[in-house]
Amino acid sequence: MSLSTEFLSEDQFTCSICLDIFTNPVSTPCGHSFCLSCITSYWEGQGKTCLCPLCKESFRKRPEVHINHTLKEITEQFKRMAESTGSPRSLAADTLTNTFSALKPGVQHRPELPERLFSEMRIRFQKSASSDSVASPQPSLASNDSYSSPVFMTPKQSPNVIRTNRGGSSGPQCPRHGQSLELFCKNDQTCICALCAEREHQGHSVVDAKRDMNIKKSQLRIMEVELHGLITVREKKIEEIQTSLAEIQLNAEREAVGTVRMFGALMSAVERSQAELLEVVEMGRRAAELRSQAFIRDLQMEISELRQRCSTLNQLAQSQDHFTFFKTYPAYSSFPVTKSWAEVALTPDPTSGVVLRNVTQMVEEFQERLRRLSEICLHSTTEDSLENDRTIFSLPVEMWRVQEYAMDITLDRDSAHPRLIISEDGKQVRCSDRYQNVADTPERFDRVVCVLGCQGFSSGRHYWEVQVGEKTDWDLGMASRSINRKGKIAASPANGFWFLSLRDKHDYVFRTEPSTPIYLNPKPQSIGVYVDYEKGQMSFFNADTKSQIFTITDTFTDILYPFFSPCTNKSGKNEAPLIICPAYPADRSCLTEK
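Residues numbered from 1 in each chain as written. Predicted model: local features only at pLDDT ≥ 70, side-chain atom pairs only at ≥ 80, totals over all residues. Heavy atoms only, no water.

S.K.: Explain the overall build of the protein chain here, please?
M.R.: Regarding its fold elements, the protein chain presents 13 helices and 22 strands. The 594 residues of the protein chain split such that 45% are buried. Across the protein chain, contacts joining residues at least 24 apart in sequence account for 65% of those joining residues at least 6 apart. When the accessible surface of the protein chain is totalled, it reaches about 32500 Å², and 51% of it is carbon and sulfur. (Helix = DSSP H or I, 4+ residues; strand = E, 2+ residues; numbered from the N terminus. Buried < 20%, exposed > 50% of the residue type's maximum accessible area, 1.4 Å probe, protein only. Contact = heavy atoms within 4.5 Å. Areas by Shrake-Rupley, 256 points an atom, 1.4 Å probe, with all protein chains shown as cover.)

Right under this line is the structure:
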C-alpha cells in the first residue's frame, strides 16, 4: 500500500513508564514494550507477582525479557532520522518505506521482532497524520537543545544504570559540588549529582531520579487502587453486620413478646422467673450488639487508616519534588498489614429460640401441676417429689453440678498423631518437631496433630477439665468413633467433631460451618467440658472463674470420645502441653474402653 500520506510518530517509540524514547527496548509476554531498565525497576517494587504497567496482566513468575535488537535498531534509526529532519513528530513516507522494507518476510532482521508486536507497530505506523497535525507540536525529547540521549553502562561494564542530562535544572543543588541532584543512589537511598556518582558513589546502583520516581509513582497508584478495594470490602461487611443485627433484634423482640404472653397466663408467683428469662433474651441481644459494635468499630478503624494511607499515597504520587519524595517513600512503599474479614460474620446466639420453647413447656407442666394441686396438698410430699417440682424451674447447668459427673480420662496412644508425645501416665500431650517411630494403624490420625481419649461413652453425663495455661493454640472437645482420621479433617458437628479452638493466643471459636466466634475475658487457664448424651447438650466452662463459655445442642447417636489437640509448637511459642486435670467420676458404669 502507498505510504505517501502516512507518518511515523515519536509516541510510537516512547516507553510508557519513563515517557522517553526507548533505550534497550524489551517486550513482555502480553506484547507491550518498555525500556529494559524501566520494566526491571518497576518489577523490583512489586514483590513476587509482576504486572504489565499498561494492560495490568499479571505474571506469577517474573518473565525473562531480552533486548529486542530489531526494535532497538528501528528506534536508533528513528533517532538519527529525527535529528537529520529536525522534526521528530513526523517523518517522510519514503523513510517509512525503507524502515518497513527491513521488516518484510524473508529479511534477516524480521525474526527478532515478535509477530504481535510487528502487527501492533504496523497498525500504529499507519495512523493518519491528521491526528498529529491538529494538535500543537510538543517539544521534542530528542532535541539537542533540551535533551541528550541517555548514557547507559552495559551489564558487562557495571551493574549500574546511569542517565545524565546536559540541560539545567531548577531543583535542589548538591551541597558539595553545586550541581543538580538529578540522580538517585539505590544503595544509599539518596539523591546525588553526576559528580557524586563518579566519585563517592562509584560502583553503586545509580538511576535517573525522575525516571525512578515515575516508576514508583505507578506502583503507588496500583497500591492505591488495591486499598480502595479493601475499603469497599469492609464497607460491605459493615452493611452485612448491620443487616444481621437487625434480624437478630427482630427475633429477640418476637421471643420477648412470646415469653411475656406465656407468662401472662401464670400466677404472680412466677413473675420473678419471667423477669429472669427476659433478661436472658436481652443479654443475647446485648451480646449481639456488643459483637456488632466491636466488628464495626474495628472495620471503621481499618477504613480510617486505609483512607488516611490512600490520601498520603495520593499526595505522594502527585508530588513533583523527588528529593522530598524519596525521603517519604520508604515509609509507604510496603503494603499495610490488615486483618482478613472473610470469615467474620455476626451469627445468632445458638440458644436463640430456646427460651420461648422452654417457657412454653414449663407453663404446660405447671398448669398440669396446678390442676393436681389439691391432690398434692392432701399427701405428704417426699424428697423425690420436691426434687421433681424444683426441676420445673431449673436454670442452665451450673459449674458445681457438672463437676459431679467428672470422669477419669487417659490419652489413647494408638490414635495419636506421630508428632505427639504423650506422658507415661497418659495425662499430658505436646507436639514435637519430629515424627515418632510408631505404626500407621487405622485408628491413628496422620495429618492433624490430635489424639482421642481412651474412655468413650454412649449415654449419661460426663465432665472433664484440661489445663491449657498460656498456650497460643489448642483444640478441645469430643469426636465420634466413626470420624475420618486420615488426611485433611473437616471439623464440624456434621462430620462428628464438636470442639472449641484457640488460635493466635486471642481468637476463640467453636468449629461449625462457618466457625462461631467467641469472646472471652479473662483468658481461661483451664477448660471444663460437659456432655449430656441424652439431652444432646455440650457445654464448655472457664474452670478458673466457674463460668459458662459456650453451649451447643445436637443429637448424639455414636460412641463419643474426648478430643485433644495441642496444635504445632510454632517454633517454641506453643510448646507447652495440654494437661488433663485429676478427676474422680461419680458413675463410670456407662464408659466404654477403646
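Right, picking up where we left off after that structure.
S.K.: Teacher, can you tell me more about the sheet that holds strand β19 (residues 547-553) here?
M.R.: Strand pairing in a sheet relies on backbone hydrogen bonds. The paired strands run either parallel or antiparallel. Overall, antiparallel pairing links the seven strands, which are arranged β8-β9-β21-β12-β17-β18-β19 in an open sheet. Edge positions in the sheet fall to β8 (420-422) and β19, since each has one partner strand and no second. Taken over all neighbouring pairs, the strand axes of this sheet differ in orientation by 20° on average, direction set aside. Sheet analysis places strand β18 (residues 537-542) next to β19, joined by six bridges and oriented antiparallel. For Phe-541, the partnering residue across the bridge sits in β19 and is Gln-548. (Pairing = 2+ DSSP bridges. Axes fitted to C-alpha atoms, helices over the stretch in contact; angles between N-to-C directions.)

S.K.: Is there a simple way to think about the nonpolar core in this case?
M.R.: Generally speaking, a soluble globular protein has its nonpolar side chains buried in company with each other. Membership of the largest hydrophobic core comes to 39 residues, with the highest contact counts inside it found for Ile-192, Leu-227 and Phe-325. Of all elements in the fold, only β5 (183-185), β6 (190-192), α6 (194-198), β7 (206-208), α7 (209-263), α8 (271-318) and α9 (322-332) reach the threshold of two or more residues within this core. In terms of residues, this core owes the most to one element, α7, which gives 11 residues. Non-local contacts of Phe-325, meaning those with residues more than four positions away in its chain, are made with Met-213, Lys-216, Lys-217, Leu-220 and Leu-316. Ranked by size, the runner-up nonpolar core spans 37 residues in total, among them Leu-411, Val-468, Leu-476 and Trp-498. (Core = buried A, V, L, I, M, F, W, Y, C linked by side-chain atoms within 4.5 Å.)

S.K.: Help me understand α9 in this model?
M.R.: An α-helix turns once per 3.6 residues; consequently, residues spaced three or four apart project the same way. Every buried residue of α9 is accounted for by His-322, Phe-325, Phe-326 and Tyr-329. All buried residues of α9 fall inside an arc of 95° around its axis, so they share one side. Opposite the packed face of α9, turned more than 90 degrees from it, sit the exposed residues Lys-327 and Ala-331. By the N-cap criterion, in which a side-chain oxygen at the helix start approaches the backbone nitrogen of a residue two or three places on, α9 is capped by Asp-321, the distance to Phe-323 being 3.1 Å. (Arc of directions from axis to C-beta. Polar contact = N/O pair within 3.5 Å; in protein donor to acceptor, adjacent residues only side chain to side chain.)

S.K.: Teacher, can you tell me more about the confidence of the model for the protein chain here?
M.R.: It should be kept in mind that the predicted coordinates are not to be read in detail where pLDDT is low. Scored by pLDDT, the protein chain comes out at a mean of 76, with 72% of its residues at no less than 70. Note that residues 87-114 has pLDDT below 50 and, in this model, 60 contacts with residues that lie over four places away or in other chains. In the predicted structure, residues 124-168 sits below a pLDDT of 50 and forms 60 contacts with residues beyond four places in sequence or in another chain. (pLDDT = per-residue confidence, 0-100.)

S.K.: I would appreciate a short explanation of the pattern of salt bridges in the present structure.
M.R.: Where charged atoms from two side chains of opposite charge come close, those side chains can pair. Counted by the stated rule, this structure contains 17 salt bridges. Close ionic contact of Arg-285 with Glu-289 constitutes a salt bridge, the shortest N to O distance being 2.6 Å. You can see Arg-285 and its partner Glu-289 sitting in helix α8, four residues apart, about one turn around the helix. Ionic pairing is found between Asp-408 and Lys-427, a salt bridge with its closest N-O pair at 2.5 Å. Placement of the pair is Asp-408 in the loop between α13 (399-402) and β8 and Lys-427 in the loop between β8 and β9 (428-431), with a sequence separation of 19 residues. A relative accessible area of 16% means that Lys-427 is categorised as buried. Within the structure, one salt-bridge network assembled from shared partners comprises Glu-282, Arg-285, Arg-286 and Glu-289. (Salt bridge = Lys/Arg side-chain N within 4 Å of Asp/Glu carboxyl O.)

S.K.: Help me out: how do you make sense of the packing of aromatic side chains in this one?
M.R.: Describing an aromatic ring pair means giving the distance of the ring centres and the angle of the ring planes. With the rule as written, the count across this model stands at 16 aromatic pairs. Measuring from ring centre to ring centre gives 6.3 Å for Phe-457 and Trp-464, while their planes differ by 55°; the resulting arrangement is tilted. Look at Phe-457 and you get buried, because its relative accessible area is 0%. Judged by relative accessible area, which is 1%, Trp-464 ranks as buried. Every member of this aromatic cluster is reached through a ring pair, and the members are Phe-184, Phe-325, Phe-326 and Tyr-329. (Phe/Tyr/Trp six-rings, centres within 6.5 Å; stacked < 30°, edge-to-face > 60°.)

S.K.: Just checking my understanding: could you explain the sheet that holds β5 for this structure?
M.R.: Taken in spatial order, the three strands make up an open sheet running β6-β5-β7, and their pairing is antiparallel. Either end of the sheet is taken by a strand with one partner, and the two such strands are β6 and β7. This sheet shows a mean twist of 40° between the axes of neighbouring strands, independent of strand direction. The pairing of β5 with β6 spans three bridges and is classified as antiparallel. Bridged to Phe-184 within β6 is Cys-191.

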